[in-house]
Each structure stands twice: as structure tokens, then as C-alpha cells.
Amino acid sequence: PRSATAGETWNRFADVVRANPATRTSPIRNAWVLIPFGFELRMLMLHVKTLHRVVRGFMVAESRYDIATGARKLAHLSDAIATGSFPRALATRLHVRVLDDLDQETGAHVRCGVRAPTVARISWEWRRCLETWQRFVTLQMLLEVAGPLDVALVADTDEIARPSAV
């Protein structure tokens, strides 16, 4: 299938925003943080603690694959939320989607045009595909809740904006 043009993507975004009932009732501009997550749980906690008072929420796409080795890994964030080791007051601000079985369930490798990795051979294309897929999923999550005036901060876990700048 062909990729959407920038104009088609913008039109889809505009349609989604117009269809969202929350966007028709609130003229307030909200800020959302979009984060691809791997394993840096303490850094994510710092990120959320730093910005939770100035943003509406955090869209987090958590991978079940280690980006460095390609090996399957635990869903550290989801497990921390489930066990209560991630502070509950902060966890309520997170919208988490776990990306599991990338090549079967989501088709990410097919979409990126790269073969699924073996632990012995991890290509930069696969790493780039995983990161791109995580960012795409956070954007999809944003489109489900965004208002027409909302802004998105796209950042890695260790890239934390100054609250005064938001």
C-alpha cells in the first residue's frame, strides 16, 4: 500500500480532531508528551515528575524488544504500574500501549521493509524501524484525544523540557 501524503495525513488529523467530542467543549490548549519507552524506568519517572503539573498526559509506547540486542524483554513500565512501584498519582497521567510481537501482530517489520532480527544480527534498519513504529503509535494515541489547539512534545525518555517552557 502507498504511504499517505502530508496533505492526506493533515486532513485525517483535522477530521479526527473535529470528531472528538472533547475538542468541541474545551478551548484550552493542552500539552501532551509522546515517548517511546524501552527500559529507562527511573528516567521516565523523573520525566513525569518534572512535567506532570504542566501537561495533560504522557503517551508512552513500550516495546517488548531490546533495541540494542533485538531480544524480547519484559514490559518494565507496565509491570511497575501493575505492582505499584511506579507512583500511582503519576501513573494516572500515563497512557501506555505495549508493542508486542512486532512482526506478527503489528506488521511493523513488513511496513518498514526490513526482516525481523535474530539476536545474533541486529541491523540499524531494524532499530530505526522499532523506534519509528513506537513514535507512530504515540502519534496514533495522541490523535485519539487531541484537541485542535493541543501541542505535542515528542521526546525520548531522557529529553525533558523545562516546565516553564511548556
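Residues numbered from 1 in each chain as written. Predicted model: local features only at pLDDT ≥ 70, side-chain atom pairs only at ≥ 80, totals over all residues. Heavy atoms only, no water.

Q: Got a sec to walk through the pattern of salt bridges? Specific residues and values, please.
A: Counting across every chain of the model gives four salt bridges. Between E131 and R128 there is a salt bridge; the shortest N-O distance is 3.6 Å. Note that E131 and R128 are positioned in helix α8 (residues 124-143) at a spacing of three residues, about one turn of the helix. Here R135 ties to D156 by a salt bridge, and the two come within 2.4 Å at their closest N and O atoms. Separated by 21 residues along the polypeptide, R135 in helix α8 and D156 in the segment after β4 (151-154) bring together distant segments of the chain. With a relative accessible area of 23%, D156 lands in the partly exposed category. Sharing partners across several salt bridges, the network here consists of R128, E131, R135 and D156. (Salt bridge = Lys/Arg side-chain N within 4 Å of Asp/Glu carboxyl O. Helix = DSSP H or I, 4+ residues; strand = E, 2+ residues; numbered from the N terminus. Buried < 20%, exposed > 50% of the residue type's maximum accessible area, 1.4 Å probe, protein only.)

Q: Give me the lowdown on the nonpolar core, citing residues and values where you can.
A: Core analysis: the largest hydrophobic core is formed by 17 residues, its most contacted members being L44, V48, F58, V60, L77, F86 and L94. Those elements that provide at least two residues to this core are β1 (31-37), α3 (41-51), β2 (57-63), α4 (76-83) and α5 (88-91). Those residues in contact with V60, other than ones at most four positions away along the chain, are I35, F37, L77, L94, H95, V96, R97, T138 and M141. Judged by nonpolar contacts, the second largest core, of ten residues, contains M59, V137, M141 and L142. (Core = buried A, V, L, I, M, F, W, Y, C linked by side-chain atoms within 4.5 Å. Contact = heavy atoms within 4.5 Å.)

Q: How would you summarise the side chain of E62 if you had to cite specific residues and measurements?
A: If you trace the backbone, E62 turns up in strand β2. No salt bridge is formed by the buried E62; the nearest opposite charge belongs to K73, separated by 4.4 Å. Only 2.8 Å separates the side chain of E62 from the backbone nitrogen of L77, close enough to count as a polar contact. The contacts of E62, once residues within four sequence positions are left out, are F37, K73, L74, A75, H76, L77, S78, V96, R97, V98, L99 and Q134. (Lys, Arg positive; Asp, Glu negative; His and termini not counted. Polar contact = N/O pair within 3.5 Å; in protein donor to acceptor, adjacent residues only side chain to side chain.)

Q: I'd like a rundown of the confidence of the model for the protein chain, residues and numbers included.
A: Residues of the protein chain with pLDDT of at least 70 account for 72%, and the chain-wide mean is 80. Confidence, read as mean pLDDT per element, is least for helix α6 (residues 102-106) in the protein chain (49) and greatest for α3 (96). (pLDDT = per-residue confidence, 0-100.)

Q: Kindly report on α3, identifying the contributing residues and their values.
A: Turning to α3, its buried residues number three or more, namely L44, M45, H47, V48 and L51. All buried residues of α3 project into a common sector of 160 degrees when viewed along the axis, lining one side. (Arc of directions from axis to C-beta.)

Q: Which residues make up α8, and what values do they have?
A: Its 20 residues give α8 an end-to-end C-alpha distance of 29 Å, which sits within 8% of 28 Å, the value for a rise of 1.5 Å per residue. When α8 is considered as a whole, its buried residues turn out to be W126, C129, L130, W133, Q134, V137, T138, M141, L142 and L143. (Expected span 1.5 Å × (residues − 1).)

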